Amino acid sequence: MTDHPAPPPTSFDHRIAVFATDEEFLAAALPFVGEALTAPGEPPPVVIAAPGNLDLLRDALGREAKRVGLVPHGEWYTGSAANAVAQGAGYLAANAGPGGRIHLLMEPLWGGRAGRSPREAAEWIRYEALANLLFAPLATTALCAYDSRVAGPAVVAAARRAHPDTDVYEDPVRLAAELDAVPLPPSPADAERLPGPAPAADAVRTWAAVQGLSAADAELFATAVTEAAAAVGPVDGAQLWGEAPACVCELRAPRRVDDPLAGFVPPPSTEPEPGQGLWFARQVCAYVDVRDDREGTSVRLQYG
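A few words on the overall build of the chain. The secondary structure content of the chain amounts to 11 helices and 10 strands. The C-alpha radius of gyration of the chain comes to 20 Å, within 12% of the 19 Å expected for a compact globule of 304 residues. Across its three principal axes, the chain shows a C-alpha extent of roughly 65 × 40 × 35 Å. A burial count over the chain gives 49% of its 304 residues as buried. Long-range pairs, those at least 24 residues apart, make up 70% of the contacts in the chain between residues at least 6 apart in sequence.

A few words on helix α8 (residues 172–180). Of all the residues in α8, the buried ones are P172, V173, L175, A176 and L179. Looking straight down α8, one finds its buried side chains confined to an arc of 165 degrees; they lie on one side. As for α8, its buried residues are in contact with α5 (118–134) and β9 (287–293). The N-cap residue of α8 is D171: its side-chain oxygen and the backbone nitrogen of V173 are 3.1 Å apart.

Below, the discussion takes up the sheet that holds strand β10 (residues 296–302). Strand order in this open sheet of 5 strands is β6-β7-β8-β10-β9, and the pairing throughout is antiparallel. Of all the strands in the sheet, the pair left with one neighbour each is β6 (192–195) and β9. The average angle at which neighbouring strand axes cross in this sheet is 15 degrees, direction not considered. Pairing of strand β8 (residues 248–253) with β10 involves 6 bridges; the strand directions are antiparallel. When the sheet's bridge partners are listed, V248 is paired in β10 with Q302. Contacting β7 (237–241), β8 and β10, helix α10 (residues 215–232) crosses the sheet at an angle of about 15 degrees to β8.

Our focus in this paragraph is the layout of surface pockets. Taken as a whole, the largest pocket encloses approximately 380 Å³ of empty space. Looking at the largest pocket, it is lined by 19 residues, and the ones nearest its centre are A177, D180, P260, V290 and D292. Going through the elements one at a time, α8 and β9 are the ones with two or more residues in the lining of the largest pocket. When residues of the lining of the largest pocket are assigned to their parent elements, the largest contribution, 5 residues, is made by β9. Split by residue class, the lining of the largest pocket holds 10 nonpolar, no polar and 9 charged.

Turning to the packing of aromatic side chains, a few remarks are in order. Counted under the stated rule, the structure contains 7 aromatic pairs. Geometrically, the ring pair formed by W110 and Y146 is tilted, given 5.9 Å between the ring centres and 35 degrees between the ring planes. Pair noted here: W110 is in the loop between β4 (102–106) and α5 and Y146 is in strand β5 (residues 140–147), with a separation of 36 residues, a long-range link. Judged by its relative accessible area of 6%, W110 falls in the buried class.

For the chain, per-residue confidence averages 92 on the pLDDT scale, and 96% of positions sit at 70 or higher. Contacts for the low-pLDDT stretch residues 1–9, under 50 throughout, to residues beyond four places or in other chains number 11 contacts.

Moving on: the nonpolar core. Most often, soluble globular proteins have nonpolar side chains that are buried together. Ranked by size, the top nonpolar core spans 41 residues in total, and within it Y77, W110, W124, L130, L134, F135 and Y146 carry the most contacts. Of all elements in the fold, only β2 (46–49), α4 (81–95), β4, α5, β5, α7 (153–160) and α8 reach the threshold of two or more residues within this core. For this core, the element with the highest residue contribution is α5, accounting for 9 residues. Not counting residues up to four positions away in its chain, the partners in contact with Y146 are I16, A17, V18, F19, P108, W110, E128, A151, V155, V156, A159 and H163. Of all hydrophobic cores here, the second largest spans 32 residues; its members include L194, V225, L240 and Y303.

On to the pairing of β10. Of all 7 residues in β10, 6 are buried; the element is thus mostly enclosed. Turn length for the β9-β10 hairpin, with the two strands adjacent in sequence and antiparallel, is 2 residues.

A word on the packing of helix α1 (residues 22–37) against helix α2 (residues 51–61). At their nearest, the axes of α1 and α2 sit 10 Å apart, and the two run at 60 degrees to each other. Taken together, the axis directions place α1 and α2 in an arrangement best described as oblique. Seen from above, α1 lies across α2 with right-handed handedness. Only N53, L56, L57, A60 and L61 of α2 make contact with α1, whose side of the interface consists of D22, F25, L26, A29, L30 and V33. Residues belonging to the contact of α1 with α2 are distributed by class as follows: 9 nonpolar, 1 polar and 1 charged.

Counted by the stated rule, this structure contains 20 salt bridges. A salt bridge links E64 to R67; its shortest N-O distance comes to 2.8 Å. Classification of E64 as partly exposed rests on a relative accessible area of 33%. By sharing partners, the salt bridges in this structure join R119, E123, R126, D180, D289 and R291 into a single network.

Criteria and thresholds
Residues numbered from 1 in each chain as written. Predicted model: local features only at pLDDT ≥ 70, side-chain atom pairs only at ≥ 80, totals over all residues. Heavy atoms only, no water. Helix = DSSP H or I, 4+ residues; strand = E, 2+ residues; numbered from the N terminus. Rg over C-alpha atoms; globule rule 2.2 N^0.38 Å. Buried < 20%, exposed > 50% of the residue type's maximum accessible area, 1.4 Å probe, protein only. Contact = heavy atoms within 4.5 Å. Arc of directions from axis to C-beta. Polar contact = N/O pair within 3.5 Å; in protein donor to acceptor, adjacent residues only side chain to side chain. Pairing = 2+ DSSP bridges. Axes fitted to C-alpha atoms, helices over the stretch in contact; angles between N-to-C directions. 1 Å grid on protein atoms, 1.4 Å probe; cavity = no way out; pocket = protein on both sides within 12 Å on 5 of 7 lines; lining within 4 Å. Points joined across faces, edges and corners; volume = space filled by probe spheres on them. Nonpolar A, V, L, I, M, F, W, Y, C, P; charged D, E, K, R; others polar. Phe/Tyr/Trp six-rings, centres within 6.5 Å; stacked < 30°, edge-to-face > 60°. pLDDT = per-residue confidence, 0-100. Core = buried A, V, L, I, M, F, W, Y, C linked by side-chain atoms within 4.5 Å. Parallel < 35°, antiparallel > 145°, perpendicular 65-115°, else oblique. Left-handed = near helix turned anticlockwise from the far one by under 90°. Salt bridge = Lys/Arg side-chain N within 4 Å of Asp/Glu carboxyl O.

Written out as structure tokens, the structure is:
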């Protein structure tokens, strides 16, 4: 397995605050913003939160509010957990101070995509866990704010295990492995099969269009499949099933991936483009599941 050592204490500072009232939100947010405003050599802090919480914070800060970036979380969290990795990495590259120095208060959108299903929630907990490794080299300070009225107790309990400032913090690789231990639904008996060593983009594109994807979406899905196949290949073959938008392709490769960060580490350009392998696949697909076993690896891509 690819080694991902624990980050040193001077690197990424990843915290959690759980609140159930407006007063509890301000009790967590105000000291954090105050710490940020007095941090030497840092750009202005950014608070990404529910509009109502931004209003609370703006009123409490008064004149100081103009020194803080206030972003509605619906404008930041616009896609999948993998998209959030790209959003965060791109923002830090463009706006953080030396070494990645900046304070970010981030309230996940649990009333939206992140909280719409147990499957989606698990993907966001994976993102929270792997963030400890992905952003380890950066001196970024992040406070993840969880509104227990929206997220619920199960999500909050899982999120606490992904944050080093709690007494239940779990190693990110181990936590990701727990999430992967939940079996995926089996492929249907009538799944269409494509031969290896790599599925032809034309065949995937044509199949996806028949299942109802638009020409543009079919092209993106076909590219994601071929990018994933190139990253883990050669593959023994592929299976296709489902209807738009939930078109699925599962690849089977004899080589294990053995890297929980596969497809999550940002490339030099975080915008999805061909040649990025599993990163591209994760950016354009709703779900990409990479599962190692004794015989190799399966990669399951679901477009929507």
